[in-house]
Amino acid sequence: MALKGDGLMAERNEVISHWPDADVLVEKARRLIDAPAYTVNAARMAEYLAYFDARCPKSKAATAEAAGLIPGGVQHNLAFNYPFPLSIRKAEGAYLWDVDGNRYIDFLQAGGPTVLGSNYAPVRDAVIGVLRESGPVTGLFHQYELELARLINRHMPSVEMFRMLASGSEGCMAAIRAARNFTGKKKVIKMGGAYHGWSDQLVFGTRIPGTGPFEASGIPEECLKHTQEFFPNDLDGENGLAALLEKNKNDGGTAAVLIEPVGPESGSRPLSRDFNQRVRGLCDAYGALLIFDEVVTGFRLGLGGAQGYFGVKPDLTVFGKCVAGGYPGAGGVGGRKDVMSTFASGIGSEQQRTLVGGTLSANPLSCAAGYHALLEMERTGASALAARAGDRLCQKLEDVIASLGAPFFVYNYGSIVHLNTHGVLLVDISDPQGLFKILQRKEIAKQIGAAYTAEGIITLAGSRLYTSMADTDEVIDQAVQGFARVLESCEPVA
């Protein structure tokens with residue numbers, strides 16, 4: 001991918017067939033939130049809940065016991081707890097099986113990392129080979145660290161150096177620490193509504209723009225002193241990104257602007273097509289580093305990531321999920337050599353370094369899994385195949401919604417599909433009824449998510465659907481039938 005100068009790259013991405021018009025989607029979101037909330041009618045919901053008692057007794061028993069030892073009865077924050085979590089026994093390709101033997105179409109895909117489909121055999125076999133030879137961790141250098149870094153650099157030239165960590169949360173922590181160390185500035189500006197992990201300094205404006213420290217329970221106010229947010233698409237407004245950068249110029253400056261390049265929560269609030277290029281220009285004008293959080297989009301939206309699609313070169317890129325192909329230890333940060341060189345490595349450095357680390361960071365299994373997953377994605381064209389499935393799913397859901405007369409809407413960025421029926425993440429926090437709408441629609445999200453599950457479909461919060469290479473036309477068409485049965489049973493809340 002050739003560099004064009006001024007932080008822009010020659011565009012190259014074959015997996016996003018079209019970029020949805022942000023203004024049109026924002027208007028659809030407004031209509032959804034202003035309309036009465038829709039949920040599954042009572043009679044059909046009773047049938048769906050009966051499914052869990054009749055068909056999932058082993059899951060119910062296991063997670064009931066787990067609730068005594070595990071908060072909420074489940075460890076993963078993406079799992080549905082309503083009416084109780086499912087206990088999964090097997091994952092393969094496009095499907096999951098629970099301990100009771102029920103099969104589900106998997107649009108969660110572990111939260112996004114498995115573009116090849118779950119438990120992909122060639123990657124699994126390579127990881128088993130490393131496990132047999134070196135075990136899971138040595139604490140010393142392994143050749144797969146180099147091979148993975150080299151492969152990432154080939155597809156994302158902005159990643160001149162790469163540091164493997166254990167999660168996307170750690171990658172975001174490392175990125176803002178490096179930015180502060182490199183620039184000597186303190187302020188970090190993020191896009192409101194974006195989730196950048198759960199570190200003390202980034203739990204701010206999470207999920208819904210304008211909420212500030214609302215979700216920062218257990219975090220001292222001092223930790224958030226230098227974290228700021230701006231609303232998606234608001235670059236020039238009174239409280240927009242440009243205004244914040246200008247204000248900070250007289251208060252020590254801005255170390256970095258941290259964004260999800262397709263919008264917060266993987267595009268739950270859509271951005272205009274030129275947004276990232278305009279942010280790049282503002283960062284250059286004010287001497288702030290631009291950090292792309294590509295935890296979800298990295299390799300899912302093509303091997304060049306979102307930056308390859310937009311043709312924008314960030315200073316730092318945060319990785320997670322796909323960087324280890326769905327295996328544990330999926331995280332890291334990469335970018336400009338001069339910034340990345342500030343990270344400490346090994347023992348005995350005499351310079352003031354940016355300290356990051358972790359006993360299990362860059363372990364042989366994670367690096368091997370990431371390397372072989374990316375090789376397989378190259379070989380198979382997995383990102384494009386997953387995107388084709390996303391396009392098919394989106395189009396067929398649009399056809400279903402068009403027949404209903406409800407204010408639902410759907411759109412996709414390749415293999416990231418957003419099905420909006422409750423719109424809990426779209427609520428305007430300044431609305432006098434905002435808190436009521438959030439609470440009401442969170443409850444509806446649980447009900448609709450449970451209904452999808454009873455129809456044999458696993459989603460993320462009943463609204464986000466990740467497709468994979470394993471999603472054939474037959475899988476998509478079967479899923480659409482299940483979605484249609486749920487959506488057709490929805491009616492306005494009285």
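Reading guide: rules and limits
- Residues numbered from 1 in each chain as written.
- Predicted model: local features only at pLDDT ≥ 70, side-chain atom pairs only at ≥ 80, totals over all residues.
- Heavy atoms only, no water.
- Pairing = 2+ DSSP bridges.
- Helix = DSSP H or I, 4+ residues; strand = E, 2+ residues; numbered from the N terminus.
- Axes fitted to C-alpha atoms, helices over the stretch in contact; angles between N-to-C directions.
- Phe/Tyr/Trp six-rings, centres within 6.5 Å; stacked < 30°, edge-to-face > 60°.
- Buried < 20%, exposed > 50% of the residue type's maximum accessible area, 1.4 Å probe, protein only.
- Lys NZ or Arg CZ within 6 Å of the ring centre and 35° of its normal.

Asker: Explain the sheet that holds strand β13 (residues 331-335) here, please?
Answerer: Sheet strands pair via backbone hydrogen bonds, and the direction of the pair is either parallel or antiparallel. Across the sheet, seven strands lie side by side as β7-β13-β12-β11-β10-β8-β9; this open sheet has mixed pairing. Among the strands making up the open sheet, the edge pair consists of β7 (161-165) and β9 (227-230). This sheet shows a mean twist of 20° between the axes of neighbouring strands, independent of strand direction. Across four bridges, the pairing between strand β10 (residues 254-259) and strand β11 (residues 289-293) is parallel. Each residue of the ladder has a partner; that of Leu258, found in β11, is Ile291.

Asker: For this particular structure, what's the right way to read the sheet that holds strand β15 (residues 416-420)?
Answerer: Strand order in the open sheet formed by three strands is β14-β15-β17, and the pairing between neighbours is antiparallel. Every interior strand has two partners, whereas the edge strands, β14 (409-413) and β17 (464-466), have only one. Neighbour-to-neighbour, the strand axes of the sheet open up by a mean angle of 20°, direction not taken into account. Examined bridge by bridge, β14 and β15 share five bridges and lie antiparallel to one another. Opposite Asn412, over in β15, you have Val417 as the bridge partner.

Asker: I'm lost on the packing of aromatic side chains in this one. Help?
Answerer: The relation between two aromatic rings is expressed through the spacing of the ring centres and the mutual angle of the planes. Going through the model one piece at a time under the given rule, you end up with 16 aromatic pairs. Between Phe299 and Phe319, the ring centres sit 5.8 Å apart and the planes meet at 15°, which makes this aromatic pair stacked. Of this pair, Phe299 sits in the loop between β11 and α10 (305-310) while Phe319 is found in strand β12 (residues 316-320), placing the two residues 20 residues apart along the sequence. Just as Phe299 is buried, Phe319 falls in that class too. For the ring pair Phe409 and Tyr411, a centre distance of 6.1 Å and an interplane angle of 10° mean the geometry is stacked. Exposure remark for Phe409: the relative accessible area of 4% places this residue in the buried category. A connected cluster of aromatic rings, assembled from ring pairs, spans Trp19, Tyr309, Phe310, Phe409, Tyr411 and Tyr413. Over the ring of Trp97 we find Lys90, and its NZ or CZ is 4.6 Å from the ring centre. If you follow Arg207 out to its NZ or CZ, it ends over the ring of Tyr195, 4.6 Å from the centre.

Keep in mind that these numbers describe shape and distance, not what the molecule does.
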